[in-house]
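Residue-level structure breakdown
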Amino acid sequence: MKAIIQSEFGDANVLSYKDVQIPEIGDEECLIKVAYTSVNYADIKKRIGNKGKGNFPLILGLDCAGIIVETAPTSSFSIGDRVIAFPKDGSYAEYVRANEKLVFKIPDTLSFEQAAAMPTVAILSYLLLHEIGLVKKSDTIVIHSAAGGVGSMLVQLAKIAGIQQVIGTVGNLEKANYVKELGADVVCTYETFTEEVLTVTKGRGANIIFDSVAGSVTSRSLDCLALYGTLVQFGNSSGEAGHFKTSDVHSSCRNIKGFSLGTTREHDPLRLAPVAEKVIELFNSQQISLPIAQIFNLEDAAAAHELIESRNYEGKVLLKV
């Protein structure tokens with residue numbers, strides 16, 4: 001089969017389109033012929049070496065949509081099932097193997113393009129909003145990086161949930177209209193959001209802030225987080241650690257919560273199935289969707305990475321396999 005192979009850390013040029021062996025499945029695993037896979041910012045971080053050691057050669061990619069072509073004898077899946085999955089050993093490949101706990105059927109009415117756009121960002125966003133952030137309709141929330149994949153999803157899910165005030169931040173106000181069309185009430189930049197949040201809330205601050213950027217954005221988030229509010233930290237796309245003092249939380253009764261979908265896939269995969277079922281139905285009923293920024297052929301994965309790194313896109317970037 002064809003796959004994108006990486007043999008060292010580096011820029012997008014380390015990604016090579018090569019022939020490799022089709023993986024063999026084990027117990028409780030299935031083999032999937034990939035139709036599309038998405039490109040996530042975590043792929044960039046792993047490619048350049050910001051997510052630990054690399055066991056080279058490796059295949060990048062967190063999720064995919066495709067068709068099951070082989071199952072274990074006792075499988076609950078059948079050959080021909082249309083699915084989304086979080087594969088083992090990467091998804092930038094024509095065939096992938098996946099633990100059945102991380103494979104979810106999709107209906108015939110849901111396109112592979114939309115299905116491939118959703119697994120990481122939609123399941124993560126639903127968990128962040130409803131299980132980690134525990135949002136209420138009366139809340140004012142801030143969603144950092146609101147034009148990205150997770151941000152786009154959080155904004156839509158928040159509006160479906162009836163959240164009173166949704167504030168999105170972007171790196172460039174050229175993306176403001178896009179974020180407002182998704183449902184955000186206010187859009188501002190990373191430089192101005194603290195003041196704007198305090199203005200909108202008449203000095204009270206936001207109840208929940210979703211932060212995937214970290215660095216200085218974390219400390220500025222605490223400057224506009226309400227009493228009893230929650231900062232949900234789930235990434236550091238800035239490449240810098242966010243900092244806070246214990247005094248930032250105890251006297252104000254505020255919380256800081258961390259969450260990782262990768263950790264949850266590894267240590268508590270069964271937690272994902274009921275969430276996957278809900279978001280698949282939301283997509284299938286067209287209550288939510290993810291704009292596709294661009295689709296690249298698998299062999300052009302390096303160009304897809306360059307687009308992600310430019311941040312000059314809105315929505316999701318896919319690879320057609």
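Here's what I pulled together on the structure shown here. Keep in mind it's a predicted model, so treat the numbers as computed, not measured. (Residues numbered from 1 in each chain as written. Predicted model: local features only at pLDDT ≥ 70, side-chain atom pairs only at ≥ 80, totals over all residues. Heavy atoms only, no water.)

1. Brief notes about the side chain of Arg82
- Checked against the element boundaries, Arg82 lands in strand E5 (residues 82–85).
- Here Arg82 is buried and forms no salt bridge, its nearest opposite-charge partner Asp108 lying at an N-O distance of 4.3 Å.
- Polar contacts involving the side chain of Arg82 include one to the main-chain carbonyl oxygen of Pro107, which spans 2.5 Å.
- Discounting residues that sit within four places of it in the chain, Arg82 has contacts with Gly66, Phe104, Lys105, Ile106, Pro107, Asp108, Leu110, Ser111 and Phe112. (Helix = DSSP H or I, 4+ residues; strand = E, 2+ residues; numbered from the N terminus. Buried < 20%, exposed > 50% of the residue type's maximum accessible area, 1.4 Å probe, protein only. Lys, Arg positive; Asp, Glu negative; His and termini not counted. Salt bridge = Lys/Arg side-chain N within 4 Å of Asp/Glu carboxyl O. Polar contact = N/O pair within 3.5 Å; in protein donor to acceptor, adjacent residues only side chain to side chain. Contact = heavy atoms within 4.5 Å.)

2. Concerning the pairing of strand E10 (residues 186–189)
- In E10, alternate side chains face the same way, and those of Val186 and Cys188 on one face and Val187 and Thr189 on the other are all buried.
- Pairing between strand E9 (residues 165–170) and E10: four bridges, direction parallel. Residue pairing in the sheet places Ile167 in a bridge with Val186 of E10. (Pairing = 2+ DSSP bridges.)

3. Some points on the nonpolar core
- Membership of the largest hydrophobic core comes to 60 residues, with the highest contact counts inside it found for Ile123, Leu128, Ile141, Val179 and Phe210.
- Sort the elements by how many residues they give to this core and helix H3 (residues 119–132) lands first, with nine residues.
- In contact with Ile141, not counting residues within four places along its chain, are Leu129, Val135, Ala158, Ile163, Gln165, Val166, Ile167, Ile208 and Phe210.
- Ala3, Ile4, Val14 and Cys64 belong to the second-largest nonpolar core, a separate cluster that totals 33 residues. (Core = buried A, V, L, I, M, F, W, Y, C linked by side-chain atoms within 4.5 Å.)

4. Remarks on the layout of surface pockets
- In this model, the second largest pocket occupies a volume close to 160 Å³.
- Every residue along the wall of the second largest pocket is listed here: Met1, Val20, Gln21, Pro23, Ile59, Lys88, Asp89, Gly90, Ala93, Tyr95, Val96 and Arg97.
- Looking at the lining of the second largest pocket, its residues break down into seven nonpolar, two polar and three charged. (1 Å grid on protein atoms, 1.4 Å probe; cavity = no way out; pocket = protein on both sides within 12 Å on 5 of 7 lines; lining within 4 Å. Points joined across faces, edges and corners; volume = space filled by probe spheres on them. Nonpolar A, V, L, I, M, F, W, Y, C, P; charged D, E, K, R; others polar.)

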